[in-house]
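# Descriptive structure summary
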Amino acid sequence: MEAIVQSFFNREIIAASWPIVRAGLLNTVLLSLLVVPLGLFGGLLLALLASVKHPAIRWTLMAWVDFFRAFPPLVLLILLFAGLPFAGLELGGFVCVAIAFFLNTGAYYGEIFRAGIDSVPSGQIEAARSTGLSRLQAMRYVVLPQAVRNVLPDLLSNTLEVVKLTALGSVVAVPELLYQARQAQSLTYNATPIVVAAVIYFVMLWPVVRLLSRLENRALAAR
Amino acid sequence: MSSWARFTETFLNTKVMLKYLPDILSGVVVTIELALLVVVTGIAAGLALALVRSLGIRPLNWLIVVVVDLFRSLPPLVVIVLIYFGLPSVNVSPSGFVSTWLSLALVLMAFSEEIFWAGITSVAKGQWEAARSTGLSYGQTLIHVVLPQAVRLTIPPLTNRTIAITKGTALGTVVAVTEILGQASSAMSNSYNPSPLMMGAAAYLVLFFPVVVAARWVETRFAWKR
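The residue count restarts for each chain, going from 1 along the sequence in the order it is written. Chain letters start at A and ligand numbers start at 1, both assigned in the order the entries are written. pLDDT decides what is reported in this predicted model: residues at 70 or higher carry local features, side-chain atom pairs at 80 or more are listed and counted, and totals for whole chains, interfaces and linings draw on all residues regardless. To get the side-chain values, take all heavy atoms of the structure and skip hydrogens and water.

### Some thoughts on a nonpolar patch on the surface
Residue and element names in this part refer to chain A. To keep things clear, this is the line we draw: Residues form patches when they are more than 30% accessible in relative terms and have no salt bridge. Like charges link within 9 Å. Nonpolar side chains (Val, Leu, Ile, Met, Phe, Trp, Tyr) link within 5 Å. For the area figures, the Shrake-Rupley method with a 1.4 Å probe applies, and any residue is considered shielded solely by the protein chains shown. Think of a salt bridge as a Lys or Arg side-chain nitrogen and an Asp or Glu carboxyl oxygen that are within 4 Å of each other. Numbering of helices and strands runs from the N terminus; a helix is a DSSP stretch of H or I covering at least four residues, while a strand is a stretch of E covering at least two. Here the term buried applies to any residue with accessible area under 20% of the maximum for its type, exposed to any over 50%, and partly exposed to those in between, with areas from a 1.4 Å probe on protein chains only.
A surface patch of nonpolar side chains, amounting to about 460 Å² of accessible area, comprises Leu 26, Val 29, Leu 30, Leu 33 and Met 204. Among the elements that take part in the nonpolar patch, helix H2 (residues 11–50) stands out by supplying 4 residues, more than any other. Structurally, Leu 33 is set in helix H2. Here Leu 33 falls in the exposed class, since its relative accessible area comes to 59%.

Printed below as a string of structure tokens:
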């Protein structure tokens, strides 16, 4: 018991490593605030493209989405970070994370938005268009608000995954929470900082997980 | 040299690719082993937890919910690092392979428990009562009445999660598992050429693209017409 406290919940280590870990927490929050809107934007772009009902466009987009569903985000990140320099392009860990997230999470968000847009009956678009709204206006004011509401739980669930995914930044030396915790761990020869990082992730994301459970159960009950 | 020739020389160098092909292939084998282990144990554990939860033993259910919530909120990479770098300080030293397997299986267990549980509770209570009143036992009701309906509901979210978590086998490279990405990265630093990485990327697509397409098919096949 004593050994467990010493190795995982060491108070002196917590106090000593806190400044390092706290800097990581701040960066994780900032990184999330950057990559979530970036992914949402990419997804919206894909979904709007998909609403053009041309078979060639639909097929291309489906292939695009399936490509990123099949491709591990870490491989994409390493490809950008370690592969591109051979083409004379050195982007730095932070920019690589931004690009990889835009591509990867954009594809997932795109699928969700597309399902949302599909869930709005086509009569709505026809009615909006017949009142004189342009295609874009109909999309902006009539379809999207309903579409987003219909897929809100999925959007939230994907956003949770995106925030968790920011831990990948540690592999390309972005000083986010996990990276900083590992730095602190190797400085102190003690696993406590990693436990602290895990606790922070849990405290930050648990409310979201609870909320999602409720939303999912309510959606099932409504069937 | 034209720029295209220089590009292929750098990124698709045949000599380098041939030299490291065996490494990448051994990585593919490790990835497949790891993926299969994760999927089988993770889903089995998730189903087991959901069935235990359906017994309705209060303290046990709270425990299940906390464990499930924990592994839904922690990033898989954090769990891997915690097991691989943390456990040795209490004299348990799991290999990178075991750490990755355990972590991803726990995460898949959490997500699949939640999905199975949602499936079980979605079957109306009247069906339970009707089945029990015809003389079926608890187990028979579960197997012949509830699960067949629950499975339909659970297939689309379950395939999605399973694919997403199985792709996480690439995270093993952080703890020195010699799966595809690990092999490709070390081949790249040995040859100072990114061609092995391109091969690794291609290997992932060859492995996972058919799974994604199959999942799409299964989803439409099992979808309930509403």
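### Some details on the pattern of salt bridges
By the definition in use, this model includes 10 salt bridges over all chains. A salt bridge links A:Asp66 to B:Arg216; the nearest nitrogen and oxygen atoms lie 3.0 Å apart. Linking A:Asp66 in helix H3 (residues 55–70) with B:Arg216 in helix H9 (residues 195–222), this pair reaches from one chain into another. We note a salt bridge from A:Arg114 to A:Glu111, for which the minimum N-O separation is 3.2 Å. Of the two residues, A:Arg114 and A:Glu111 are both situated in helix H5 (residues 92–119); the distance of 3 residues between them amounts to about one turn of the helix. Judged by its relative accessible area of 22%, A:Arg114 is partly exposed. Connected through salt bridges with shared partners, the residues A:Arg58, A:Asp66, A:Glu111, A:Arg114, A:Asp118 and B:Arg216 form a single ionic network.

### Some thoughts on empty space enclosed by the protein
In this approach the atoms are scanned with a rolling probe the size of a water molecule, which exposes any empty space left behind. Definition in use: Both cavities and pockets are sets of points on a 1 Å grid over the protein atoms alone; in a cavity a 1.4 Å probe fits but cannot get out, in a pocket the set is open with protein on both sides within 12 Å along at least five of seven lines, and lining residues sit with an atom within 4 Å of a point. Grid points are joined across faces, edges and corners, and a volume is the space filled by probe spheres set on the points. Residues are sorted three ways: Asp, Glu, Lys and Arg are charged, Ala, Val, Leu, Ile, Met, Phe, Trp, Tyr, Cys and Pro are nonpolar, and all the rest, Gly among them, are polar.
Counted according to the given criterion, the structure contains 1 cavity of 30 Å³ or more. There is about 30 Å³ of room inside the largest cavity. Together, A:Arg69, A:Tyr108, B:Asn160, B:Ile163 and B:Ala164 line the largest cavity. Take the lining of the largest cavity: its biggest share by element is 3 residues, from helix H7 (residues 138–167) of chain B. Of the residues that constitute the lining of the largest cavity, the class distribution is 3 nonpolar, 1 polar and 1 charged.

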